[in-house]
Amino acid sequence: MKKETDLDCIKSTVRTFLYIDINESPYGASLAQHPFTNLGTVCLLNGERHEYVNLLEDDNALELWIIRSR
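Residues numbered from 1 in each chain as written. Predicted model: local features only at pLDDT ≥ 70, side-chain atom pairs only at ≥ 80, totals over all residues. Heavy atoms only, no water.

Chemist: Quick question: what am I supposed to make of helix α2 (residues 59-69) here?
Modeler: Residues that lie three or four places apart on an α-helix share one face, since the helix turns once every 3.6 residues. Those residues of α2 that fall on the buried side of the exposure criterion are Ala61, Trp65 and Ile66. For α2, the buried positions fall inside an angular range of 140 degrees around the axis, keeping them on one side. Of the residues in α2, the exposed ones pointing more than 90 degrees away from the buried face are Asp59 and Asn60. Considering only its buried residues, α2 is in contact with β3 (41-46) and β4 (49-54). Two to three positions downstream of the cap, the backbone nitrogen of asparagine 60 sits 3.1 Å from a side-chain oxygen, assigning the N-cap of α2 to aspartate 58. (Buried < 20%, exposed > 50% of the residue type's maximum accessible area, 1.4 Å probe, protein only. Helix = DSSP H or I, 4+ residues; strand = E, 2+ residues; numbered from the N terminus. Arc of directions from axis to C-beta. Contact = heavy atoms within 4.5 Å. Polar contact = N/O pair within 3.5 Å; in protein donor to acceptor, adjacent residues only side chain to side chain.)

Structure follows, in structure tokens:
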């Protein structure tokens, strides 16, 4: 008999990974170590235009990235 996967439990667990600190990689300032990104700089939609933000230096951008990634 096949077991059922509890997708709600998996989604909840994955969402907690968003809150893991993003660490700068020892290989360069633009690289990062995180379950969802390998870059410290990401592109976010700001209104109708795209904007590059540094998640390692901008707490507001980090919070916006977390909210939009949920």
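Additional details are given in the paragraphs that follow.
Chemist: Quick question: what am I supposed to make of the pairing of β3 here?
Modeler: Put simply, side chains in a regular strand alternate between the two faces of the sheet. Of the strand pairs in this sheet, β3 and β4 are connected by six bridges, and their pairing is antiparallel. When the sheet's bridge partners are listed, leucine 45 is paired in β4 with histidine 50. Connecting β3 to the antiparallel partner β4 that follows it, the hairpin turn spans two residues, and glycine 47 within it adopts a positive phi of roughly 70 degrees. (Pairing = 2+ DSSP bridges.)

Chemist: Quick question: what am I supposed to make of the environment of tyrosine 27 here?
Modeler: You can see tyrosine 27 is positioned in the loop between β1 (23-25) and β2 (28-33). For tyrosine 27, a relative accessible area of 73% puts it in the exposed group. Measuring from C-alpha to C-alpha, the distance between tyrosine 27 and serine 12 comes to 31 Å, with 15 residues separating the pair along the chain.

Chemist: Explanation requested: the nonpolar core in the structure shown.
Modeler: As a rule of thumb, nonpolar side chains are buried together in soluble globular proteins. Residues Leu18, Ile22, Ala32, Val42, Leu44, Val53, Leu55, Ala61, Trp65 and Ile66 constitute the largest nonpolar core, which totals 10 residues. At the level of elements, β3 and α2 are the ones that each hand at least two residues to this core. Among the elements that line this core, the one with the most residues is α2, at three residues. Residues within four places of valine 53 in sequence aside, it is in contact with Gly40, Thr41, Val42, Leu44 and Ala61. (Core = buried A, V, L, I, M, F, W, Y, C linked by side-chain atoms within 4.5 Å.)

Chemist: Got a minute to help me understand a nonpolar patch on the surface in this structure?
Modeler: A surface patch of nonpolar side chains, about 500 Å² in accessible area, is lined by Leu7, Ile10, Val14, Phe17, Ile20 and Phe36. Here isoleucine 10 lies in helix α1 (residues 7-17). (Patch = residues over 30% accessible without salt bridge, like charges linked within 9 Å, V, L, I, M, F, W, Y side chains within 5 Å. Areas by Shrake-Rupley, 256 points an atom, 1.4 Å probe, with all protein chains shown as cover. Salt bridge = Lys/Arg side-chain N within 4 Å of Asp/Glu carboxyl O.)

Chemist: Looking at this structure, I do not really get the confidence of the model for the chain. What am I missing?
Modeler: Regions with low pLDDT carry predicted coordinates that are not meant to be interpreted in detail. Summarising the model, the chain shows a mean pLDDT of 90, and 100% of its residues fall at 70 or more. Looking over the chain, one finds the lowest element-wise mean pLDDT in β2, namely 84, and the highest in β4, namely 94. (pLDDT = per-residue confidence, 0-100.)

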